[in-house]
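Residue-level structure breakdown
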Amino acid sequence: MTIKIKYFTDKIQKLQKITNGNWIDLRVAEDVELKKGEFKLIPLGIAIEIPQGYEAHVVPRSSTFKNFGLIQVNHQGIIDGPDRETGEGGYCGNDDQWFAPMYAMRDTQVHINDRICQFRIMEQQPDIVFEEVTQLSRKNRGGFGTTGKN
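Described below are features of the structure shown in this document. If you're wondering where the values come from, they're calculated on a predicted model, not measured in any experiment.

Here the focus is the packing of aromatic side chains. Scanning all chains against the criterion turns up one aromatic pair. Plain terms: the ring middles of W98 and F119 are 5.0 Å apart, the flat faces sit at 85 degrees to each other, and that makes the pair edge-to-face. Within this pair, whereas W98 is found in the loop between strand 8 (77-80) and strand 9 (99-104), its partner F119 is found in strand 11 (residues 115-123), the two being separated by 21 residues in sequence. Between the NZ or CZ atom of K14 and the centre of the ring of Y7, over which it lies, the distance is 4.1 Å.

In this section: the sheet that holds strand 6 (residues 54-60). By definition, the strands of a sheet pair up through backbone hydrogen bonds, in either a parallel or an antiparallel sense. Across the sheet, which stays open at both edges, the four strands sit in the order 2-11-6-8 with antiparallel pairing between neighbours. Both edges of this open sheet fall to strand 2 (24-27) and strand 8, since each of them pairs with a single strand only. Averaged over neighbouring strand pairs, the angle between their axes works out to 30 degrees when direction is ignored. Examined bridge by bridge, strand 2 and strand 11 share four bridges and lie antiparallel to one another. Each bridged residue has a counterpart across the sheet, and for L26 the counterpart in strand 11 is C117.

Time to look at a negative patch on the surface. The grouping of D83, E85, E88 and D127 at the surface amounts to a negative patch. Note that E88 resides in the loop between strand 8 and strand 9. Residue E88 is classed as exposed on the basis of its relative accessible area, which comes to 58%.

Further remarks concern the side chain of T9. The residue T9 is located in the loop between strand 1 (4-7) and strand 2 in this model. Looking at T9, the relative accessible area reads 17%, which means it is buried. Polar contacts involving the side chain of T9 include one to the main-chain amide nitrogen of K11, which spans 3.1 Å.

Rules of the game
Residues numbered from 1 in each chain as written. Predicted model: local features only at pLDDT ≥ 70, side-chain atom pairs only at ≥ 80, totals over all residues. Heavy atoms only, no water. Phe/Tyr/Trp six-rings, centres within 6.5 Å; stacked < 30°, edge-to-face > 60°. Helix = DSSP H or I, 4+ residues; strand = E, 2+ residues; numbered from the N terminus. Lys NZ or Arg CZ within 6 Å of the ring centre and 35° of its normal. Pairing = 2+ DSSP bridges. Axes fitted to C-alpha atoms, helices over the stretch in contact; angles between N-to-C directions. Patch = residues over 30% accessible without salt bridge, like charges linked within 9 Å, V, L, I, M, F, W, Y side chains within 5 Å. Areas by Shrake-Rupley, 256 points an atom, 1.4 Å probe, with all protein chains shown as cover. Salt bridge = Lys/Arg side-chain N within 4 Å of Asp/Glu carboxyl O. Lys, Arg positive; Asp, Glu negative; His and termini not counted. Charge placed at Lys NZ, Arg CZ, Asp CG, Glu CD. Buried < 20%, exposed > 50% of the residue type's maximum accessible area, 1.4 Å probe, protein only. Polar contact = N/O pair within 3.5 Å; in protein donor to acceptor, adjacent residues only side chain to side chain.

In C-alpha coordinates, the structure reads:
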(Lines give C-alpha, C1' and ligand atoms only; values in the text may rest on other atoms or scores of the structure.)
Protein backbone atom coordinates (compact mmCIF):
# COMPACT_ATOMS: atom_id res chain seq x y z
CA MET A 1 0.00 0.00 0.00
CA THR A 2 1.30 3.47 -0.86
CA ILE A 3 0.13 6.40 1.28
CA LYS A 4 0.67 10.08 0.50
CA ILE A 5 2.29 12.14 3.27
CA LYS A 6 2.85 15.88 3.54
CA TYR A 7 5.52 17.33 5.84
CA PHE A 8 4.98 20.71 7.49
CA THR A 9 8.67 21.00 8.39
CA ASP A 10 11.95 19.69 7.04
CA LYS A 11 13.34 19.35 10.59
CA ILE A 12 11.79 15.96 11.43
CA GLN A 13 12.98 12.57 10.26
CA LYS A 14 10.88 11.34 7.35
CA LEU A 15 8.86 8.15 7.56
CA GLN A 16 10.20 5.19 5.66
CA LYS A 17 8.77 1.91 4.38
CA ILE A 18 7.03 0.09 7.20
CA THR A 19 7.11 -3.68 7.64
CA ASN A 20 3.71 -5.36 7.97
CA GLY A 21 2.49 -5.25 11.58
CA ASN A 22 4.84 -2.59 12.93
CA TRP A 23 3.74 0.64 14.60
CA ILE A 24 5.06 3.86 13.07
CA ASP A 25 6.76 6.40 15.36
CA LEU A 26 5.63 10.02 15.24
CA ARG A 27 8.03 12.84 16.06
CA VAL A 28 7.66 16.26 17.65
CA ALA A 29 7.78 18.99 14.98
CA GLU A 30 8.78 21.90 17.26
CA ASP A 31 10.42 22.37 20.64
CA VAL A 32 7.78 22.50 23.39
CA GLU A 33 8.10 23.31 27.09
CA LEU A 34 5.27 22.40 29.44
CA LYS A 35 4.81 23.08 33.15
CA LYS A 36 3.19 20.49 35.41
CA GLY A 37 -0.57 20.52 34.82
CA GLU A 38 -0.43 22.17 31.38
CA PHE A 39 -2.09 20.79 28.26
CA LYS A 40 -0.91 21.30 24.69
CA LEU A 41 -1.62 19.98 21.24
CA ILE A 42 1.92 19.08 20.20
CA PRO A 43 2.44 19.34 16.42
CA LEU A 44 3.70 16.20 14.71
CA GLY A 45 4.56 17.90 11.43
CA ILE A 46 2.67 15.62 9.05
CA ALA A 47 -0.63 15.21 7.25
CA ILE A 48 -1.51 11.89 5.67
CA GLU A 49 -3.99 11.11 2.92
CA ILE A 50 -5.51 8.05 4.52
CA PRO A 51 -6.93 5.64 1.93
CA GLN A 52 -10.69 5.19 1.64
CA GLY A 53 -11.94 2.58 4.11
CA TYR A 54 -9.06 3.07 6.55
CA GLU A 55 -8.27 5.14 9.66
CA ALA A 56 -5.17 5.80 11.76
CA HIS A 57 -4.94 4.80 15.43
CA VAL A 58 -2.52 7.02 17.41
CA VAL A 59 -1.25 5.94 20.85
CA PRO A 60 1.59 7.10 23.11
CA ARG A 61 4.88 5.23 22.96
CA SER A 62 5.50 3.06 26.03
CA SER A 63 8.39 5.34 27.06
CA THR A 64 6.56 8.67 26.68
CA PHE A 65 5.45 8.95 30.29
CA LYS A 66 8.77 7.72 31.71
CA ASN A 67 10.90 9.98 29.51
CA PHE A 68 8.74 13.11 29.35
CA GLY A 69 6.04 12.85 32.05
CA LEU A 70 3.37 13.27 29.36
CA ILE A 71 0.01 11.54 29.13
CA GLN A 72 -1.88 11.47 25.83
CA VAL A 73 -5.24 12.73 27.06
CA ASN A 74 -7.42 10.81 24.61
CA HIS A 75 -5.30 7.67 25.28
CA GLN A 76 -5.93 6.55 21.72
CA GLY A 77 -6.62 9.01 18.98
CA ILE A 78 -8.50 8.06 15.85
CA ILE A 79 -7.72 9.98 12.69
CA ASP A 80 -10.58 9.36 10.32
CA GLY A 81 -10.02 8.46 6.72
CA PRO A 82 -12.65 8.94 4.04
CA ASP A 83 -15.90 7.02 4.42
CA ARG A 84 -15.55 3.50 3.03
CA GLU A 85 -18.63 3.86 0.81
CA THR A 86 -18.80 7.52 -0.20
CA GLY A 87 -15.12 8.48 -0.05
CA GLU A 88 -16.17 11.73 1.64
CA GLY A 89 -14.93 13.25 4.88
CA GLY A 90 -11.95 12.24 6.94
CA TYR A 91 -9.12 14.24 8.45
CA CYS A 92 -6.72 13.85 5.55
CA GLY A 93 -6.68 17.17 3.71
CA ASN A 94 -3.75 19.34 2.71
CA ASP A 95 -3.79 21.39 5.95
CA ASP A 96 -4.87 18.62 8.36
CA GLN A 97 -1.65 18.44 10.39
CA TRP A 98 -1.59 15.75 13.06
CA PHE A 99 -1.21 16.78 16.72
CA ALA A 100 -0.72 14.83 19.94
CA PRO A 101 -2.96 16.07 22.80
CA MET A 102 -0.62 15.88 25.80
CA TYR A 103 -0.97 16.69 29.51
CA ALA A 104 2.20 17.26 31.58
CA MET A 105 2.44 15.44 34.91
CA ARG A 106 5.72 17.27 35.65
CA ASP A 107 7.69 20.18 34.17
CA THR A 108 9.05 18.85 30.90
CA GLN A 109 10.43 19.61 27.47
CA VAL A 110 10.18 17.81 24.17
CA HIS A 111 12.39 18.64 21.25
CA ILE A 112 12.18 18.38 17.51
CA ASN A 113 12.41 14.70 16.48
CA ASP A 114 11.58 13.30 19.95
CA ARG A 115 9.33 10.29 19.47
CA ILE A 116 6.26 10.70 21.68
CA CYS A 117 3.55 8.62 19.97
CA GLN A 118 3.02 6.01 17.30
CA PHE A 119 0.33 5.00 14.86
CA ARG A 120 -0.86 2.33 12.51
CA ILE A 121 -3.30 2.31 9.64
CA MET A 122 -6.33 0.09 10.27
CA GLU A 123 -9.38 -0.89 8.25
CA GLN A 124 -12.53 0.91 9.32
CA GLN A 125 -15.04 -1.20 11.19
CA PRO A 126 -17.50 -2.99 8.91
CA ASP A 127 -21.25 -2.48 9.12
CA ILE A 128 -22.60 -4.32 12.16
CA VAL A 129 -26.15 -5.32 13.04
CA PHE A 130 -26.83 -6.18 16.69
CA GLU A 131 -29.11 -9.12 17.38
CA GLU A 132 -30.66 -9.16 20.86
CA VAL A 133 -30.66 -12.61 22.47
CA THR A 134 -31.43 -14.02 25.92
CA GLN A 135 -28.44 -16.40 25.93
CA LEU A 136 -24.93 -16.22 24.47
CA SER A 137 -23.32 -19.38 23.12
CA ARG A 138 -19.84 -19.17 24.63
CA LYS A 139 -18.69 -20.59 27.98
CA ASN A 140 -18.83 -18.18 30.95
CA ARG A 141 -15.33 -17.32 32.18
CA GLY A 142 -16.73 -16.51 35.61
CA GLY A 143 -15.30 -13.14 36.43
CA PHE A 144 -13.26 -10.13 35.51
CA GLY A 145 -10.73 -10.37 32.68
CA THR A 146 -8.83 -13.55 32.00
CA THR A 147 -8.03 -14.30 35.65
CA GLY A 148 -11.62 -14.95 36.72
CA LYS A 149 -11.00 -12.78 39.80
CA ASN A 150 -12.71 -9.48 40.64
